[in-house]
There are 2 protein chains.
Amino acid sequence: MTQAAQAPELAQVEQAAARIADYIHHTPVYTSAQLDELCGARLFFKCENLQKVGAFKARGASNAVLSLPEAEAARGVATHSSGNHGAALAMAARRRGIPAHIVMPANAPAVKKAAVAGYGAFIVECEPTLAARQATLERVIAETGAHLVHPYNDPRVIAGQGTTALELLRQVADLEVIAVPVGGGGLLAGVAIAAKAINPAIEVLAVEPAGADDAFRSFGLGRLVEQTAPDTIADGLRTSLGELNYRIIRQHVDTIVTVPDEAIVRAMRLQWTRLKTLVEPSGAVSFAGVLEHPERFRGRRAGIVISGGNLDLDQLPW
Amino acid sequence: MTQAAQAPELAQVEQAAARIADYIHHTPVYTSAQLDELCGARLFFKCENLQKVGAFKARGASNAVLSLPEAEAARGVATHSSGNHGAALAMAARRRGIPAHIVMPANAPAVKKAAVAGYGAFIVECEPTLAARQATLERVIAETGAHLVHPYNDPRVIAGQGTTALELLRQVADLEVIAVPVGGGGLLAGVAIAAKAINPAIEVLAVEPAGADDAFRSFGLGRLVEQTAPDTIADGLRTSLGELNYRIIRQHVDTIVTVPDEAIVRAMRLQWTRLKTLVEPSGAVSFAGVLEHPERFRGRRAGIVISGGNLDLDQLPW
């Protein structure tokens, strides 16, 4: 973190929305009578898999890139990311005409590397460990003077991700609960800040893979615990919760539930089949929360954030 | 054919649009800067895979069911279909509160049988031959008094499918060409009637699998030839062109091109990956036409009809 770790508020989310409007898509909300019937709820799927770069990450990265003063922006931006944040930062940097340096583990999925390369970013490969990522990123920043944009532990990124909730609450009236996947916590923190400021009665419900449940444990213990040895198909959610994200989540999130990988795969297949839309494992975690904890949704109007749709079609989990 | 084989005109398509408005979805048009760049054209994908029952067939079936006088409708409707038309007729019949009898080959994909059953229709299984289908359908009609709704060789069905073009031409200005898959020819005939009546300068370009190219051959020979032994992954397009459909296509369609199955699979994967939307093989045939015949689209504004998105996720062609 090179930024002061001040939590953004609704005003910052609204500023982000105005700032990034030309950089991102206003994504649709899908509904399905069959899935409503299956779950006994009214489900409104916010399709961030149809966002630019195929994930909500376009929002936060665009807000961070556009927030930079001209002189600082000119030296470029840098991050480490195994996937969607890297592509998002590369996309935003190209749009602004500045260089992006993306540190990626050598074993990152080919489809995600290709996406980053396609946006003209410099890819710097490293060993697939957190230590190697951080050391490589520090070296890149020292050499280039690029500005760090952390994938989630950054107030500008959090404010950008929060625009998802601003849009959703305008698109759907009278939502009672919003289900959001949680990994590093950028999307969850941003959505919670925006949704609770607009309507404190909305339940913000986080869903986490059981095989990477550090947010669930941190929430329960009342202190931030690290994720070690994650074991889940949801590759975007294996990371540890950020420090700033944790503080925001403690303050604004009502509930965290966990889901097994079997529920994630079932959610993916149901969304593919019924909504005809491609959802990556991490993106299906929110709906897996509905399948696994139906009593929390029954009879309610629920926003379900589909966070992304990037995956390797040759490596499907069935 | 139990209907007088009179080709519908734009007026019938417009009447169909008004009649079915509450039964169907107004489907979105997707675009992709990356696919535009790849093809050197401006592509507007009309997403009938997001239509009710996952295919454009909901339009024609709904128009036929809603066109029936009350007394005739009460005896129900019947058809033979290996897939999307059966589900569409079942859906429309359930909405109108009348019975539907769907004759399906015993080897039809499980996902398509489940869809028909899910709409409460009676499924009558038969051997997977055209003769068995027709004999079984005749028996069902004799026993029940149900009204036949042919999958494509029916002016009400053709008029219904044509509403796809009405919508698309309202959604996208200045289209120069529309690419449409052709199997039995219901969608193609309806789109051609509507598009040419609205703007005779639009090129209506049909795309057919090389392994089921009876429309291509009929068009070239100037007489209707039957499709025998089709061999293509596009299971919805293996059927022979209808007689009425042939006449309309001869009059209104500008061009027919064929595509190999390899291009269909490539088109599917590109649409899945870039548009994040599920397209069945038959639905990807129109875009395969762009990939296989790029010179026909280069520099032009092209409507690409994605006709459906129903397929078995356990039987993907890669």
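Everything quoted here is computed from the prediction, not taken from an experiment.

(A) Focus on the UniProt feature "domain: Tryptophan synthase beta chain-like PALP" (unreviewed entry) in chain A. Under the feature "domain: Tryptophan synthase beta chain-like PALP" (unreviewed entry), the UniProt entry names residues 21-308 of chain A. Taken end to end, residues 21-308 of chain A has its terminal C-alpha atoms 19 Å apart, with 47% of it in helix and 17% in strand.

(B) The interface of chain B and chain A, seen in detail. Each side of the interface is counted separately: chain B has 19 residues, and chain A has 19 residues. In total, chain B and chain A occlude about 1,600 Å² of area from one another, counting both sides; carbon and sulfur atoms represent 56% of this. On the chain B side of the interface with chain A, the three residues burying the most area are Lys276(B), Leu278(B) and Leu313(B), jointly 40% of the side's total. Applying the counting criterion to the chain B and chain A interface returns two salt bridges. Residue Asp314(A) pairs with Arg269(B) through a salt bridge whose shortest N-O separation is 2.9 Å. Grouping the amino acids of the side of chain B that touches chain A by side-chain chemistry returns nine nonpolar, seven polar and three charged.

(C) Looking closely at the environment of Leu224(B). All names here are of chain B. Mapped onto the elements, leucine 224 comes out in the loop between α10 (214-221) and α11 (243-252). Leucine 224 gets classed as partly exposed once you look at its relative accessible area, which sits at 34%. For the pair formed by leucine 224 and glutamate 143, sequence separation is 81 residues and the distance between their alpha carbons is 32 Å. Residues contacting leucine 224, with those up to four places away along its chain left out, are Ser218, Leu241, Gly242, Glu243 and Tyr246.

(D) The arrangement of the domain arrangement of chain A in detail. All names here are of chain A. Taken domain by domain, chain A consists of domain 1 (3-56 + 154-306) and domain 2 (58-148). Summarising the inter-unit geometry, the C-alpha centres of domain 1 and domain 2 are found 23 Å apart. Facing the 26 residues of domain 1 at the interface are 20 residues of domain 2. Both faces combined, the contact of domain 1 with domain 2 buries some 1,900 Å², and carbon together with sulfur accounts for 52% of it. Three residues stand out in domain 1 for area buried against domain 2, namely Tyr23, Val53 and Arg156, and they jointly supply 44% of the buried area on that side.

(E) Layout of the relation of the copies chain B and chain A. Of the transformation placing chain B onto chain A, the axial shift is 0.0 Å and the rotation is 180°, giving an RMSD of 0.0 Å. The superposition operator between the copies reduces to a two-fold rotation axis. If distances are taken from each C-alpha of chain B to the rotation axis, the shortest is found for Thr277(B), at 2.2 Å. When you check the interface residues of chain B against chain A, 100% turn up at the interface there too, and the contact is symmetric in its surfaces.

(F) Structural view of the sheet that holds strand β7 (residues 177-181) of chain B. Residues and elements named next belong to chain B. Reading across from one edge, β1-β2-β10-β7-β8-β9 is the order of the six strands in this open sheet, with mixed pairing throughout. The open sheet has two edge strands with one neighbour each: β1 (29-30) and β9 (255-259). For strand β8 (residues 203-209) and β9, the ladder comprises five bridges, and the chain directions are parallel. Bridging across to β9, valine 207 finds its partner in valine 257. Docked against the sheet, helix α8 (residues 155-171) engages β1, β2 (42-47), β7 and β10 (301-306), running at close to 135° with respect to β2. Contacting β8 and β9, α10 crosses the sheet at an angle of about 140° to β9.

(G) Unusual backbone geometry, seen in detail. Residue and element names in this part refer to chain B. Despite not being glycine, alanine 229 has its phi angle at roughly 50°, a positive value. In this structure, alanine 229 sits in the loop between α10 and α11. Since its relative accessible area comes to 69%, alanine 229 is described here as exposed. With a phi angle near 55°, lysine 276 is a residue other than glycine that sits in the positive phi range. With respect to the secondary-structure elements, lysine 276 resides in the loop between α12 (261-275) and α13 (281-292).

(H) Looking closely at the pairing of strand β2 (residues 42-47) of chain A. Residue and element names in this part refer to chain A. Within β2, five of the six residues are buried, which leaves it mostly tucked inside the rest of the structure. Strand direction decides the pairing type here: strand β1 (residues 29-30) and β2, joined by two bridges, are antiparallel. Bridging across to β2, valine 29 finds its partner in lysine 46. The pairing of β2 with strand β10 (residues 301-306) spans six bridges and is parallel. Bridge pairing links phenylalanine 45 to isoleucine 304 in β10.

Cut-offs applied
Residues numbered from 1 in each chain as written. Chains lettered and ligands numbered in written order. Predicted model: local features only at pLDDT ≥ 70, side-chain atom pairs only at ≥ 80, totals over all residues. Heavy atoms only, no water. UniProt positions renumbered as here; feature names shortened; annotations may be inferred. Helix = DSSP H or I, 4+ residues; strand = E, 2+ residues; numbered from the N terminus. Contact = heavy atoms within 4.5 Å. Buried area = accessible area lost by both parts, 1.4 Å probe. Salt bridge = Lys/Arg side-chain N within 4 Å of Asp/Glu carboxyl O. Nonpolar A, V, L, I, M, F, W, Y, C, P; charged D, E, K, R; others polar. Buried < 20%, exposed > 50% of the residue type's maximum accessible area, 1.4 Å probe, protein only. Domains from an automatic or database assignment. Least-squares fit on C-alpha atoms with pLDDT ≥ 70 in both. Pairing = 2+ DSSP bridges. Axes fitted to C-alpha atoms, helices over the stretch in contact; angles between N-to-C directions.

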